[in-house]
Amino acid sequence: RAQKSIRRADVVLMFFDATQTISQVDKHLVEEIHKRQKPCIFVVNKWDRGLKAEMTAEKWGDYLLRTFATMPHVPVAFLTAIDGKNIRPVINLAQAVLKQARERVPTARLNEVVRTAVQQNPPPMRRNKRPKVYFATQVAIEPPTIVLKCNDPRLFDNPWKRYLLSVLRDELPFQEVPLRVYYRKRERDDE
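Quick caveat, the model's predicted, so the values are computed rather than measured. (Residues numbered from 1 in each chain as written. Predicted model: local features only at pLDDT ≥ 70, side-chain atom pairs only at ≥ 80, totals over all residues. Heavy atoms only, no water.)

Draft legend 1. Region of interest: the pattern of salt bridges. Applying the stated criterion to the full structure yields 8 salt bridges. A salt bridge links Glu112 to Arg109, with the nearest nitrogen and oxygen atoms 3.0 Å apart. In this pair, Glu112 and Arg109 are both assigned in helix H6 (residues 107-120), 3 residues apart and thus about one turn of the helix distant. In this structure Glu112 comes out as partly exposed when scored by relative accessible area, which is 42%. (Salt bridge = Lys/Arg side-chain N within 4 Å of Asp/Glu carboxyl O. Helix = DSSP H or I, 4+ residues; strand = E, 2+ residues; numbered from the N terminus. Buried < 20%, exposed > 50% of the residue type's maximum accessible area, 1.4 Å probe, protein only.)

Draft legend 2. The arrangement of H6 in detail. Relative to the 20 Å expected for 14 residues at 1.5 Å per residue, H6 spans 20 Å between its end C-alpha atoms, a close match to the ideal helical length. Among the residues of H6, Leu110, Asn111, Val113, Val114 and Ala117 are the ones counted as buried. One face of H6 carries all of its buried residues, which in axial projection span an arc of 160°. Seen from the buried face of H6, the exposed residues on the opposite side, beyond 90 degrees, are Ala108, Gln119 and Gln120. Buried residues belonging to H6 abut strand E4 (133-140), strand E5 (145-150) and helix H7 (158-171). (Expected span 1.5 Å × (residues − 1). Arc of directions from axis to C-beta. Contact = heavy atoms within 4.5 Å.)

Draft legend 3. View of the sheet that holds strand E1 (residues 12-17). The sheet built from 3 strands is open, its strands ordered E1-E2-E3 with parallel pairing. The open sheet terminates on both sides in strands that have one partner only, identified here as E1 and strand E3 (76-78). Neighbour to neighbour, the strand axes of the sheet diverge by 30° on average, direction disregarded. Two elements, strand E2 (residues 40-45) and E3, share 3 bridges in a ladder whose sense is parallel. Across the sheet, Phe42 pairs through a bridge with Val76, a residue of E3. (Pairing = 2+ DSSP bridges. Axes fitted to C-alpha atoms, helices over the stretch in contact; angles between N-to-C directions.)

Draft legend 4. Molecular detail of unusual backbone geometry. Residue Pro143 follows Glu142 across a cis peptide bond; omega there is 0°. With respect to the secondary-structure elements, Pro143 resides in the loop between E4 and E5. The phi dihedral of Asn128 falls on the positive side, at around 60°, and the residue is not glycine. Assignment of secondary structure puts Asn128 in the loop between H6 and E4.

Draft legend 5. Representation of the sheet that holds E4. The strand order E4-E5-E6 describes an open sheet built from 3 strands, whose pairing is mixed. For this open sheet the edge positions go to E4 and strand E6 (180-185), each flanked by a neighbour on one side alone. Put simply, the sheet's adjacent strands are angled 25° from each other on average, direction ignored. Contacts from H6 reach E4 and E5, with the element oriented near 135° to E4. Its contacts with the sheet place H7 against E5 and E6, and it is angled at close to 125° to E6.

Draft legend 6. Layout of a positive patch on the surface. Taken together, the side chains of Arg126, Arg127, Lys129, Lys132 and Lys185 make up a positively charged region of the molecular surface. Inspection of the secondary structure assignment puts Lys185 in strand E6. Looking at Lys185, the relative accessible area reads 46%, which means it is partly exposed. (Patch = residues over 30% accessible without salt bridge, like charges linked within 9 Å, V, L, I, M, F, W, Y side chains within 5 Å. Areas by Shrake-Rupley, 256 points an atom, 1.4 Å probe, with all protein chains shown as cover. Lys, Arg positive; Asp, Glu negative; His and termini not counted. Charge placed at Lys NZ, Arg CZ, Asp CG, Glu CD.)

Draft legend 7. Quick peek at the packing of H6 against H7. The N-to-C vectors of H6 and H7 enclose an angle of 135°; their axes lie 10 Å apart at closest approach. Between H6 and H7, the interaxial angle falls into the category oblique. Classified by chirality, the crossing of H7 by H6 is right-handed. Within the contact between the two elements, H6 uses Arg109, Leu110, Val113, Val114, Ala117, Val118 and Gln120 and H7 uses Trp160, Tyr163, Leu164, Val167, Leu168 and Glu171. Tallied by class, the residues present in the contact of H6 with H7 amount to 10 nonpolar, 1 polar and 2 charged. (Parallel < 35°, antiparallel > 145°, perpendicular 65-115°, else oblique. Left-handed = near helix turned anticlockwise from the far one by under 90°. Nonpolar A, V, L, I, M, F, W, Y, C, P; charged D, E, K, R; others polar.)

Just distances and angles here, no functional claims.
Below you can see the structure in the form of structure tokens.
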């Protein structure tokens, strides 16, 4: 049922118990969220008990980041459901995350960001060729999907792709949602 709910959800609230360690089931569910590229919020529940056990938000945030290193963009919220503490901010955060997932960026702005990123840190040469990005365009939302037309997608190495993804997150309104970036060879028709 949880997997079916993940597939249907606009935003997934992944709950963790502040008094427990992260289980294998939790890891499996987060893997499913990541695979489906769903916007997500990590919600740490029973926060009142976590505070009594001298747990801090920073420690829990670090624990989640270490455990789910493939999802550093996911926001973390803390609440105590039994007495309704911090529920409204979590709902507001879910609405903000959904808005990010549905955001469209003008092509001109996207190309400006990509051009600046390439100028500040050009992709390294490979196979005696310089990787070139000709233009970028956003082709979809939920999740935001960006296509980069380039001379040869195989020339871009993974560290540079991670760098560009980081720049896109920092400069565009996609800080807390999954972001797809595809590198495609420019065809004559694209010119």
